[in-house]
Amino acid sequence: MPPPTSRSADWLAQAAAVFAKEWRCELRTRYALNTLALFAVTTLVVVSAGLGPLGTSAAEGTPVLPVLLWLILLFAAAAGLPRGFVQEEETHTATALRLAATPSALFCGKLLYGASLMLALEALVAPLFLALVQLEVAAPGLFAATLLAGGYGLAAASTLIAAMIAQARGRSALFAVLAFPITLPLLLLVVELTRNAVAGEPAGGALTQLLLYDATVTVASMMLFPVVWNP
Amino acid sequence: MKSRFAPAFKLLLWAWMCLVLAGAFFYAPLAAGFLGESSRILFFHVPMAWTAFVAFLAAAVWSGLYLARREPRHDRAAAAAVELGFVFCLLATVTGAMWARTMWGAFWNWDPRQVSIVLVLIFYGAYLALRGAVEDREKRARLGAVYALLGLVVAPFFFWVVPRITFSLHPDSIVNTRGTIDMESRMLQVLLASWVGFNALFFWLHGLRCRLGALADRRLEA
Amino acid sequence: MASGGIGWVVAVNLVIWTGLFLMVLRLDRKLRDLEKDR
């Protein structure tokens, strides 16, 4: 039996390989990046056009604008993330993946890919959003932390659900339906945190709860993924 | 699977609920602070809501059992719990909204318990949508079980988050913050009696649904 | 609400409940018959 260290090194290598493969495929076609970016930017423009050239007053804006930002991110995620697994089924590379990597390493690779996609998306969308709706953030540190933790959490929940719907019919609609109840606590938390960041108020318990949510969903998804992946 | 309820029990259940009905309107006093007779709805709305939450837990437990042992009857039990839970949840939401309309003039009030019951309802709907979208029986059972467990894992966060973003109009005369039961004893009696009755009803209906599912599965195999 | 009004509410509820109960009972019996056939 191989010594434990080489087994965990193996696992890490597999996860890294999956991650690298996802990005290599993605950069070849740039499909997800384009979809995400286009979707997000279009929605952004619609939102800011809808709010009017003068923007909204600070009093009106503070409660509503964080919600809009996260709605944009949520729908962009729903548009771009499920492809990770659906494509595998469609191009029949799923079987090869089952042979090449252990489920947990595979899941980790996909999860990190999804998370990095979300972070890239946020890096694009958040500054644009702030500029377009003329929103000033009093606590940029909290804002950045929220984007990080929230983006990761969305990716974590989405990866497992994407794996599930890849094996069902009615893919994209079903994804949104399944993802909404699961990601709702995250959404409530990030909206609250974003509002606090804009207003300059402290995070309170919400940031801890968000991190706890991220950890819980990661662990639960890792444990449940093999059930979904293996027949 | 034979029915576990002897005919006598079923008759008893019928009589019990008749008693609960009579008790709710004639025996129990009106609750303070409620408009007219509207507090009567309490005896039906609350047990249904509790049953909906219990069904959620039961579905998760059966889902876990299914994943551990892969016996079809556990999957049938989980699915039946969700289906029934959905109905109870819908009824609880509607009765709650009706009560809210009477009391506070609006069907929806951003009250934490109102929000929570709707969230459970949405989750049930998503679960049923998932099951409807998978044709293969084994896959359907497996994916359904995963989703039920995922829901269970995420549910505690709602307990923390929802109260913060809502404010409570919900009458807290039932259990106050000290944890003692603060209700008038006759109201409590009827409420608990109603809860027992609704649980028994759920149990019976659930058994029927499982038997129906077993028959349908056997017919599909044959 | 007059107590006569309450009486009506209870009566209607009893009728509805009994009707539902009988429907479920019928379902129970039908299931038992189907199970015996197998």
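Residues numbered from 1 in each chain as written. Chains lettered and ligands numbered in written order. Predicted model: local features only at pLDDT ≥ 70, side-chain atom pairs only at ≥ 80, totals over all residues. Heavy atoms only, no water.

Colleague: How would you explain the overall build of chain A if you had to name every residue and give the values?
Modeller: What chain A contains, in helices and strands, is 9 helices and 0 strands. Listing every helix and strand of chain A by position from the N terminus yields α-α-α-α-α-α-α-α-α. Its C-alpha atoms give chain A a radius of gyration of 19 Å, near enough to 17 Å, the size a compact globule of 231 residues would have. Reported as C-alpha extents along the three principal axes, the dimensions of chain A are approximately 65 × 35 × 30 Å. Looking at chain A as a whole, 48% of its 231 residues are labelled buried. Restricting to contacts in chain A with at least 6 residues of sequence separation, those with at least 24 account for 83%. Surface summary for chain A: the accessible area is close to 10,200 Å², and the carbon and sulfur share equals 71%. (Helix = DSSP H or I, 4+ residues; strand = E, 2+ residues; numbered from the N terminus. Rg over C-alpha atoms; globule rule 2.2 N^0.38 Å. Buried < 20%, exposed > 50% of the residue type's maximum accessible area, 1.4 Å probe, protein only. Contact = heavy atoms within 4.5 Å. Areas by Shrake-Rupley, 256 points an atom, 1.4 Å probe, with all protein chains shown as cover.)

Colleague: Please set out the packing of aromatic side chains residue by residue, giving values where relevant.
Modeller: Evaluation of the coordinates by the stated rule reveals 14 aromatic pairs over all chains. Between Phe85(A) and Trp229(A) the ring centres are 5.8 Å apart and the planes differ by 65 degrees, which places this aromatic pair in the edge-to-face class. Here Phe85(A) is found in helix H4 (residues 83-90), whereas its partner Trp229(A) is found in helix H9 (residues 206-229), with 144 residues between them in sequence. Just as Phe85(A) is buried, Trp229(A) falls in that class too. Aromatic side chains Trp17(C) and Phe21(C) sit 5.8 Å apart centroid to centroid with 55 degrees between the ring planes, which places their arrangement in the tilted category. Residue Trp17(C) and its partner Phe21(C) are both found in helix H1 (residues 3-37); the two are separated by 4 residues, about one turn of the helix. Both residues of the pair, Trp17(C) and Phe21(C), belong to the buried class. Members of the aromatic cluster, each reached through a chain of ring pairs, are Phe85(A), Phe107(A), Phe225(A) and Trp229(A). When the ring centre of Phe85(A) is taken as origin, the NZ or CZ atom of Lys110(A), which lies over that ring, is 4.9 Å away. Above the plane of the ring of Phe107(B) lies Arg101(B), whose end atom (NZ or CZ) is 5.4 Å from the centre. (Phe/Tyr/Trp six-rings, centres within 6.5 Å; stacked < 30°, edge-to-face > 60°. Lys NZ or Arg CZ within 6 Å of the ring centre and 35° of its normal.)

Colleague: How would you summarise the packing of H9(A) against helix H5 (residues 137-165) of chain B if you had to cite specific residues and measurements?
Modeller: For the pair H9(A) and H5(B), interaxial distance at closest approach is 10 Å and the crossing angle is 175 degrees. Relative to H5(B), the element H9(A) is oriented roughly antiparallel. When H9(A) is examined against H5(B), the residues Ala206(A), Gln209(A), Leu212(A), Tyr213(A), Thr216(A), Val217(A), Ala220(A), Leu224(A), Val227(A) and Val228(A) are found in contact with a partner set consisting of Arg142(B), Leu143(B), Val146(B), Leu149(B), Leu150(B), Val153(B), Val154(B), Phe157(B), Trp160(B), Val161(B) and Arg164(B). Grouping the amino acids of the contact of H9(A) with H5(B) by side-chain chemistry returns 17 nonpolar, 2 polar and 2 charged. (Axes fitted to C-alpha atoms, helices over the stretch in contact; angles between N-to-C directions. Parallel < 35°, antiparallel > 145°, perpendicular 65-115°, else oblique. Nonpolar A, V, L, I, M, F, W, Y, C, P; charged D, E, K, R; others polar.)

Colleague: How would you summarise unusual backbone geometry if you had to cite specific residues and measurements?
Modeller: With glycine set apart, most residues show a phi of negative sign, and most peptide bonds adopt trans. With a phi close to 55 degrees, Gln134(A) is a non-glycine residue in the positive phi region. Take Gln134(A): it is sitting in the loop between helix H6 (103-132) and helix H7 (140-165). We note that Arg70(B) has phi near 55 degrees; this positive angle belongs to a residue other than glycine. Since its relative accessible area comes to 37%, Arg70(B) is described here as partly exposed.

Colleague: Quick one: what's the story with the interface of chain C and chain B, residue by residue and with numbers?
Modeller: The parts lose accessible area when they come together, and the size of an interface is often stated as this lost area. Residue-level contacts link 19 residues of chain C with 21 residues of chain B. In total, about 2,100 Å² of surface goes out of reach between chain C and chain B, with carbon and sulfur atoms giving 75% of it. Linking chain C to chain B there are 3 salt bridges. Lys10(B) is the salt-bridge partner of Asp28(C), the closest N and O atoms lying 2.8 Å from each other. Across the chain C-chain B interface, the total number found is 6 residue pairs in polar contact (both at pLDDT 80 or more). (Buried area = accessible area lost by both parts, 1.4 Å probe. Salt bridge = Lys/Arg side-chain N within 4 Å of Asp/Glu carboxyl O. Polar contact = N/O pair within 3.5 Å; in protein donor to acceptor, adjacent residues only side chain to side chain.)

Colleague: Quick rundown of the nonpolar core? Include the residues and the values.
Modeller: Counting residues in hydrophobic clusters, the biggest one holds 154 residues, and the most contacted among them are Phe129(A), Leu160(A), Ile182(A), Phe43(B), Phe44(B) and Tyr147(B). Among the elements that line this core, the one with the most residues is helix H8 (residues 171-199) of chain A, at 15 residues. Ignoring anything within four residues of it in the chain, the contact list for Phe129(A) reads Leu44(A), Val47(A), Leu65(A), Leu68(A), Leu69(A), Ile72(A), Gln134(A) and Leu135(A). (Core = buried A, V, L, I, M, F, W, Y, C linked by side-chain atoms within 4.5 Å.)

Colleague: I'd like a rundown of the interface of chain B and chain A, residues and numbers included.
Modeller: Counting from both sides, the interface comprises 29 residues of chain B and, opposite them, 29 residues of chain A. Counting the surface lost from both chain B and chain A, the interface buries some 2,700 Å², and carbon and sulfur atoms represent 77% of this. Our enumeration of links across chain B and chain A arrives at 0 salt bridges. Taken together, the connections running from chain B to chain A amount to 5 residue pairs in polar contact (both at pLDDT 80 or more). When residues of the side of chain B that touches chain A are traced back to their parent elements, those giving at least two are helix H4 (112-133) and H5 of chain B. Top contributing element to the side of chain B that touches chain A by residue count: H5(B), with 17 residues. Its residues placed into classes, the side of chain B that touches chain A shows 21 nonpolar, 2 polar and 6 charged.

Colleague: Run through the environment of Gly200(A), naming residues and quoting values.
Modeller: Residues and elements named next belong to chain A. Mapped onto the fold, Gly200 is located in the loop between H8 and H9. Each C-alpha atom, one on Gly200 and one on Ala138, is 4.7 Å from the other, the two residues being 62 residues apart in sequence. Every residue in contact with Gly200, bar those within four places of it in the chain, is listed here: Ala138 and Ala139.

Colleague: Let's hear about the packing of helix H2 (residues 42-69) of chain B against helix H6 (residues 185-221) of chain B: which residues, and what values?
Modeller: Residue and element names in this part refer to chain B. Between H2 and H6, whose axes approach to 9 Å, the crossing angle comes to 40 degrees. As the angle between them shows, H2 and H6 are arranged oblique. Our pair here, H2 against H6, has a crossing hand that is right-handed. Here Leu42, Phe43, Phe44, Val46, Pro47, Met48, Trp50, Thr51, Ala55 and Trp62 of H2 come into contact with H6, specifically with Met187, Val190, Leu191, Ser194, Trp195, Phe198, Asn199, Phe202 and His206. Grouping the amino acids of the contact of H2 with H6 by side-chain chemistry returns 15 nonpolar, 4 polar and no charged. (Left-handed = near helix turned anticlockwise from the far one by under 90°.)

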